[in-house]
Amino acid sequence: MAIIVNLDVMLAKRKMSVTELSTQVGITMANISILKTGKAKAIRFSTLDKICRVLECQPGDILEFKNTE
């Protein structure tokens, strides 16, 4: 897939654990892990909004497009 999820980078920059993010966003650690590893097929805008609010970042800080052609 051409969309890269940089959630682990943002967590490291904010010195926040997956557990903390999960608690503050209100989604399971398993779902955060799926996002973090890039295995997610989709993300709700409401979830992305909450993650961006908690991490104080922009969606582009988390999601990146890489052309694989």
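Please refer to the structure placed before this passage.
Chains are numbered independently. Their residues run from 1 in the order of the written sequence. Reporting in this predicted model follows two pLDDT cut-offs: at least 70 for local features of residues, and 80 or more for side-chain atom pairs to be given and counted; totals over whole chains, interfaces and linings ignore these cut-offs and use all residues. Water and hydrogen atoms were dropped before computing side-chain values, which therefore reflect all heavy atoms in the structure.

Draft legend 1. Just the environment of Lys13, in detail. Runs of E in the DSSP output that reach at least two residues are strands. Runs of H or I that reach at least four are helices, and both are numbered from the N terminus. Along the chain, the position of Lys13 falls in helix H1 (residues 7-13). Partly exposed residues are those whose accessible area sits between 20% and 50% of the maximum for their type, while under 20% is buried and over 50% is exposed, using a 1.4 Å probe and protein chains only. Judged by relative accessible area, which is 56%, Lys13 ranks as exposed.

Draft legend 2. Looking closely at the packing of helix H2 (residues 18-25) against helix H4 (residues 45-55). In contact at an axis separation of 10 Å, H2 and H4 are set at 120° when each is read in the N-to-C sense. In terms of orientation, H2 lies oblique with respect to H4. Seen from above, H2 lies across H4 with right-handed handedness. Between H2 and H4, the residues in contact are Leu21, Gln24 and Val25 and Lys50, Ile51, Val54 and Leu55, respectively. Amino acids are sorted into nonpolar (Ala, Val, Leu, Ile, Met, Phe, Trp, Tyr, Cys and Pro), charged (Asp, Glu, Lys and Arg) and polar (every other residue, Gly among them). Grouping the amino acids of the contact of H2 with H4 by side-chain chemistry returns five nonpolar, one polar and one charged. The axes are straight lines fitted to the C-alpha atoms, using for helices just the contacting stretch, and the angles between their N-to-C directions are given from 0 to 180°. Small angles under 35 degrees read as roughly parallel and large ones over 145 as roughly antiparallel, with 65 to 115 read as roughly perpendicular and the rest as oblique. Should the near helix be turned counterclockwise from the far one by less than a right angle, the crossing is left-handed, whereas a clockwise turn marks it as right-handed. Residue contacts are defined here by distance: any two heavy atoms, one from each residue, within 4.5 Å place the two residues in contact.

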